[in-house]
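So the chains spell out like this:
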Amino acid sequence: MRDFQSHSASLESSEFNQRILDTTTVLRAAQAISGEVMLEEVLTKLLRLALEHAGAQKAMMLLVNDQRLYLEAVASVDGGPTHRVTPPIPLEASDDVPESIIRFVSRTREALVLSDATQEDVFTQDPYVRRLQPLSVLCLPIIHRNEITGILYMEHRWLTGMFTAQRVEVLTLLASQAAISIENARLYADLQSTQDEYRALYDNAIEGLFRIDSQGVLLSANPTLATILGFASVTQLLDEYRDLIDRVFLNKSQAGQFISQLEEQHLLNGFEAQGVTRDGRTFWMALTARLSQDPEQGDYIDGSLVDISGRIDREQANKQMHIAEAATQAKSEFLANMSHEIRTPMNAIVGFSKLALESGLGRKQHEYLTAIRNAAENLLGIISDVLDFSKIEAGKLTLEQRPFKLSDMLAEVERLFRTELRKRNLEFVIDNQSARHSGFPADGVLVGDPLRLQQVLVNLVGNATKFTEQGEIRVAVSVKGFLAPELILEFVVSDTGIGIDEEHQKRLFESFEQAETSTTRRYGGTGLGLTICKRLVEIMGGDISLTSTPGEGSCFTFSAKVLLADENTTLPSSGPKRTRITSALRNRRILVAEDNPINQQLALEFLERAGATVDIAQNGREAVAKATEHNYDAILMDIHMPEMDGLEACRILREQHIGVPIIAVSADALETRQASALDAGCDSYITKPINFDELFGELAHLLPEVREDLKRRASDQAEKTDIDSILEDFPLQRLPGIDIGEAIVGHNGNVPLMIKLMGDFGGYYGDAGAKVREFLSAGKFEEAERLTHNLHGVAGSFGAQRLKDASKTLELALAEGKQGNLRGLVGSFEIALTEVLESAAALASDEVRFRASDLDET
């Protein structure tokens, strides 16, 4: 029977292969899809056309929503009409799709064609493939604006090789049109929803809203206006008060004044007058109205009416209204500035993070990670300035005055744009002529706000990059003026881009202005960037100007005042210096309270190498017992431990008047956690993976009597290990799931210790996935949370970012009681754990293959 089916399948396949897809027909089908605006119609029509033109037996459509894939529609030649899945089913929760195939296409963003899915080793273990045995498979990504919006999956269970290159090509064209149509359908649905929301807002507004045509006839009103004027319904109001202005004003001269001012100004805000209701009651009203001119519909007035009769003093009411308007304006400016400024360093963080993740560990990665660190520091500085933004008055912001090097700031700007400019094949030139001026300091140190200066440059260079397709972008810096101790710097940012015509140059520095309407559609942007640049430059005592020729490029020139540094000014360090202190804690006794065996061993190794005697406590209760029985110089207290956590243990020790320095240790970097630790009596707080340089620094601070000894021994002893050289010369740079460079740094350059701990990892956590599932089945959520917390810390020291993130996500879900998606989170956790277990075992077993210099501690 199998041979007969195989023979029949071959004959049918041969017949199908004789069919030539008519590209014109498929394109017409694509046009038919483009005419649909309802998402359900788009999906069902697309699947019908896919079945018709691809020769498939079954087709399914999955769409992305909130960064997750959902099964939205299914069609089959033998399963009835195409139907929409309601509600959509998450990919990981559906048994009707091959999850591994869908995930593969989503990750690679490329079409996948399988002649016989049952023979593809990568996908043969997929539950769907094992159960239904599909032969021919075609899976296409639906991509719109460089983002995956969906996945089209088709299959034939009887025939192999159904989806030829010609069919894939034509169906790809169909998928491209489908991407646009799906996006349009979603936008249409959003528009309908928005219209309904606006209608609800209009009907339920606390103000009376109205529209009047050029003849003074009341066209529309909301229920609130009818209520204010004493009508039972809007229909009744429209019938009786068609001449609203004449009827509502008690004083006809005020009605005339209202119309006159509106015609002159086109906008009136808070025009106060006495009004009269339907039953003759008088009241005070405040009118806000706008006169709009439409060539097709004619002039009309949109306005609102508020009953202000309850105000004791009309002048006070008017003052409060202006205060409210000022507050609204300040809030708008604050949100615009904050949004733009946070986005600027975030671009660098996202871009360089991607590069770092895609590259091996070497010199370039250090360069990328340095750029990420600097951009992150910029972002933290901006977030810290949020409080200053609340003090906005007339667009004023608070500036820092701190020492910086102009050359360093310019180099950082160049680093931020280096990759993007290289991609676009643009030349980037920085011409710094400032040092040639006699007033410029020899050491290059100035005093000012480098973050704001850099922000202006990043905005201008970013715009230049966005609007320049070929040629160069140049940043020239010179000294424009000098009167000690003040120095005026001039920056010129020029490009060979599209340029800006003279008419639009006049409005370019106004909020929400673009060079032209099409600019937003083509290049994106809100038009706020140059407004912010102008304000920052003015605050820094300078001005900004523009010269531009359409088609030839633009040139922005701005100046800023800075100060010369005095002889007592010290330039802050660009980053923490790495030191190796091997025996500075000699004769010190340290208690390490930690339940994680790998973290125990790591702390034990480094503290003993530094000359300390170390005791281990498995939990908070044991830590309290040992600390009350023995005298310790310091305690390292993990926050999350069984039986008694670190915070409770610290409180008990302080209540017993044990004043030994306690350093809290946790993988949680939230400020609330740090505050809780300090409130419990801890003296300091460090995060995992432990930076032992930071730990020794804290010990030096908390144990003043060893501070000089620490300095002396750090200067007297040569370093045993140079981490940077290890990172450059290490034979392995990356394993699946493990970043070798971060692992070496996490173990302070001690390669043998790192390899040993990775070898022990499987023994400690090989069954962690099964244990988590057992705990969840038994309802032991606290045990599961503790296990994932431990793995989060260990993963950080191993450079296992994926396992670290998966562990933390699962830990937070368990802590917050979010059990709805635990199945998917546990699955992601197990995948990441398996990857690290295999790589750690492989690394430990290959130890003999490393050069002797890599493992030499002497």
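Throughout this description, residue numbers start from 1 for each chain and increase along the sequence as written. The predicted nature of this model means local features are confined to residues of pLDDT at least 70 and side-chain atom pairs, given and counted, to a pLDDT of 80 or more, with totals for whole chains, interfaces and linings taken over all residues. To get the side-chain values, take all heavy atoms of the structure and skip hydrogens and water.

Engineer: What should I look at first to understand the environment of leucine 678 in this one?
Structural biologist: Labels follow the DSSP assignment, with helices taken as runs of H or I lasting at least four residues and strands as runs of E lasting at least two, numbered in each case from the N terminus. Note on placement: leucine 678 falls in helix α22 (residues 671-680). With 14 residues separating them along the chain, leucine 678 and alanine 664 place their C-alpha atoms 8.4 Å apart. Should any heavy atoms of two residues lie within 4.5 Å, those residues are considered in contact. With near-sequence residues (within four places) excluded, leucine 678 lies in contact with Asp683 and Ser684.

Engineer: I'm lost on helix α29 (residues 781-798) in this one. Help?
Structural biologist: Each full turn of the α-helix corresponds to 3.6 residues, which orients residues three or four apart in the same direction. With 18 residues, α29 ought to run about 26 Å at 1.5 Å a step, and its terminal C-alpha atoms sit 26 Å apart, in line with that. Most of α29 sits inside the fold, with 13 of its 18 residues counted as buried. Glycine 799 lies just past α29 and shows a positive phi near 70°. Every helix has an expected span of 1.5 Å times one less than the residues it contains. A 1.4 Å probe rolled over the protein chains alone gives each residue an accessible area, and that area as a share of the maximum for its type sets the label: buried under 20%, exposed over 50%, partly exposed in between.

Engineer: Would you take a moment to explain the confidence of the model for the protein chain for this structure?
Structural biologist: In regions of low pLDDT, the predicted coordinates are not meant to be interpreted in detail. Per-residue confidence from the predictor is reported as pLDDT, a score between 0 and 100. Of the residues in the protein chain, 73% have a pLDDT of 70 or more, and the chain-wide mean is 76. Mean pLDDT in the protein chain bottoms out at helix α32 (residues 852-855), which sits at 38, and peaks at strand β16 (residues 486-495), which reaches 95. Here residues 384-394 is modelled with pLDDT under 50, and outside its nearest four sequence neighbours on either side it reaches 14 contacts, counting other chains as well. Here residues 574-583 is a poorly scored stretch, pLDDT under 50, and it has 25 contacts once near neighbours within four places are set aside; other chains count.

Engineer: Where do I start with the nonpolar core in this structure?
Structural biologist: Among buried residues, the Ala, Val, Leu, Ile, Met, Phe, Trp, Tyr and Cys ones that are joined through side-chain atoms within 4.5 Å form a nonpolar core. Leu607, Phe761 and Leu803 are the most contacted members of the largest nonpolar core, which totals 60 residues. The element contributing the most residues to this core is helix α31 (residues 822-845), with 11 residues. Look past the residues within four positions of phenylalanine 761 in its chain and what remains in contact with it is Ile598, Gly766, Leu791, Val794, Phe798, Leu803, Leu833, Val836 and Leu837. Counting residues in each nonpolar core, the second largest holds 42 residues, with Phe404, Val458, Phe509 and Phe556 among its members.

Engineer: Can you help me understand the sheet that holds strand β5 (residues 136-144) in this one?
Structural biologist: The strands making up a sheet associate through backbone hydrogen bonding, with each pair oriented either parallel or antiparallel. The six strands are arranged β3-β2-β1-β6-β5-β4 in an open sheet whose pairing can be described as antiparallel. Among the strands making up the open sheet, the edge pair consists of β3 (83-90) and β4 (112-114). Strand-to-strand twist of the sheet, defined as the mean angle between neighbouring strand axes without regard to direction, takes the value 20°. Pairing of β4 with β5 involves three bridges; the strand directions are antiparallel. The residue bridging leucine 112 from the neighbouring strand is cysteine 139, located in β5. Angles shown run from 0 to 180 degrees and are taken between the N-to-C directions of axes, each axis being a line fitted to C-alpha atoms and, for helices, limited to the stretch in contact. Docked against the sheet, helix α3 (residues 39-54) engages β1 (58-65), β2 (68-76), β3 and β6 (147-156), running at close to 145° with respect to β1. Following DSSP output, two strands are said to pair if at least two bridges run between them.

Engineer: Teacher, can you tell me more about the pairing of strand β11 (residues 300-307) here?
Structural biologist: Taken residue by residue, a regular strand's side chains alternate between the two faces of the sheet. Inspection of the sheet shows strand β7 (residues 208-213) paired to β11 by six bridges, in the antiparallel sense. The residue bridging aspartate 213 from the neighbouring strand is tyrosine 300, located in β11. Looking at chain direction, strand β10 (residues 282-292) and β11 are connected through eight bridges and run antiparallel. For threonine 288, the partnering residue across the bridge sits in β11 and is serine 304.

Engineer: What should I look at first to understand the packing of helix α28 (residues 768-777) against α29 in this one?
Structural biologist: For any two helices packed against each other, the geometry is given by the interaxial angle and the distance between the axes. In the contact formed by α28 and α29, the axes pass within 8 Å of each other and the chain directions differ by 155°. Of the possible angle classes, the one that applies to α28 and α29 is roughly antiparallel. Considering the relative orientation of α28 and α29, their crossing is left-handed. Together, Ala768, Lys771, Val772, Phe775 and Leu776 of α28 and Phe781, Glu783, Ala784, Leu787, Thr788 and Leu791 of α29 make up the contact between the two elements. Side-chain classes are defined by residue name, with Ala, Val, Leu, Ile, Met, Phe, Trp, Tyr, Cys and Pro counting as nonpolar, Asp, Glu, Lys and Arg as charged, and the others, Gly among them, as polar. Of the residues belonging to the contact of α28 with α29, the class tally is eight nonpolar, one polar and two charged. Throughout, the term roughly parallel applies to angles under 35 degrees, roughly antiparallel to angles over 145, roughly perpendicular to angles from 65 to 115, and oblique to all others. Should the near helix be turned counterclockwise from the far one by less than a right angle, the crossing is left-handed, whereas a clockwise turn marks it as right-handed.

Engineer: When you look at the sheet that holds strand β8 (residues 218-221) in this model, what are you seeing that I'm missing?
Structural biologist: Across the sheet, which stays open at both edges, the five strands sit in the order β8-β7-β11-β10-β9 with antiparallel pairing between neighbours. What marks the edges here is a single partner per strand, and that holds for β8 and β9 (267-276). Strand-to-strand, the axes of this sheet are offset by a mean angle of 25°, without reference to chain direction. Here eight bridges tie β9 to β10, and the two strands are oriented antiparallel to one another. Note on β10: the bridge partner recorded for glycine 275 is phenylalanine 283.

Engineer: Where do I start with the packing of helix α20 (residues 620-629) against helix α21 (residues 646-655) in this structure?
Structural biologist: Where α20 contacts α21, the two axes come as close as 8 Å, and the packing angle between them is 25°. With respect to each other, α20 and α21 are oriented roughly parallel. Considering only the axes of α20 and α21, their crossing is right-handed. Contact residues: α20 offers Gly620, Val624, Ala627 and Thr628, while α21 offers Ala649, Ile652 and Leu653. Tallied by class, the residues present in the contact of α20 with α21 amount to five nonpolar, two polar and no charged.

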